[in-house]
Amino acid sequence: MNSDVTVNKEIIETKEAPSAIGAYSQAVVVGNMLFTSGQLPIDPQTGEMVSDCIKKATKQSIENIKGILAAKGATLDNVVKTTVFLKNMSDFADMNEVYSEYFTSTPPARSAVEVAQLPKDGLIEIEAIALV
């Protein structure tokens, strides 16, 4: 990267999503683009992982994204791209059922992949890119 280039990054931090527990931010805004970190299905109020059901886990991950977006005055309607990481691709249909309840009329572009393992042995992790 050219060292003469300055990137103005706005760091988003909210109690409506789990706190960052490492060297990352909940989200970063550059220009009019907001990039969330992957959201595990962790309840931000209790710190507990939702891991007993992919539908509940998907809901919690998306609720965490909603909380981050709200901190910047945005909603899920602002999301243009998501990436869904699944512990087991056989959970895709159940994940998609819940996901479709949140992204209805103009859903964002999406990738969905199965991964070998997620942090805290989560069932799902979702990241989003939104225009703000």
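We now turn to the structure provided with this report. All values derive from a computational prediction rather than experimental measurement.

**Brief notes about the packing of aromatic side chains**
For the structure shown, the criterion picks out one aromatic pair. In this structure, R110 is placed above the aromatic ring of Y99, and the distance from its NZ or CZ to the ring centre is 4.5 Å.

**Regarding the pairing of strand β5 (residues 109-114)**
Within a regular strand, the side chains alternate between the two sheet faces. Relative to β5, strand β4 (residues 79-86) runs parallel, the two being bridged by six bridges. Looking at β5, one finds that K81 is bridged to A109. With helix α2 (residues 92-102) bridging β4 and the parallel β5, this β-α-β connection has right-handed handedness.

**What to know about the pattern of salt bridges**
All chains considered together, the criterion is met by five salt bridges. Here E63 and K66 are joined by a salt bridge, their closest N and O atoms 3.7 Å apart. Here E63 and its partner K66 are both found in helix α1 (residues 54-71), three residues apart, which amounts to about one turn of the helix.

Rules used in this analysis
Residues numbered from 1 in each chain as written. Predicted model: local features only at pLDDT ≥ 70, side-chain atom pairs only at ≥ 80, totals over all residues. Heavy atoms only, no water. Phe/Tyr/Trp six-rings, centres within 6.5 Å; stacked < 30°, edge-to-face > 60°. Lys NZ or Arg CZ within 6 Å of the ring centre and 35° of its normal. Pairing = 2+ DSSP bridges. Helix = DSSP H or I, 4+ residues; strand = E, 2+ residues; numbered from the N terminus. Right-handed = clockwise from strand over helix to strand, strands pointing away. Salt bridge = Lys/Arg side-chain N within 4 Å of Asp/Glu carboxyl O.

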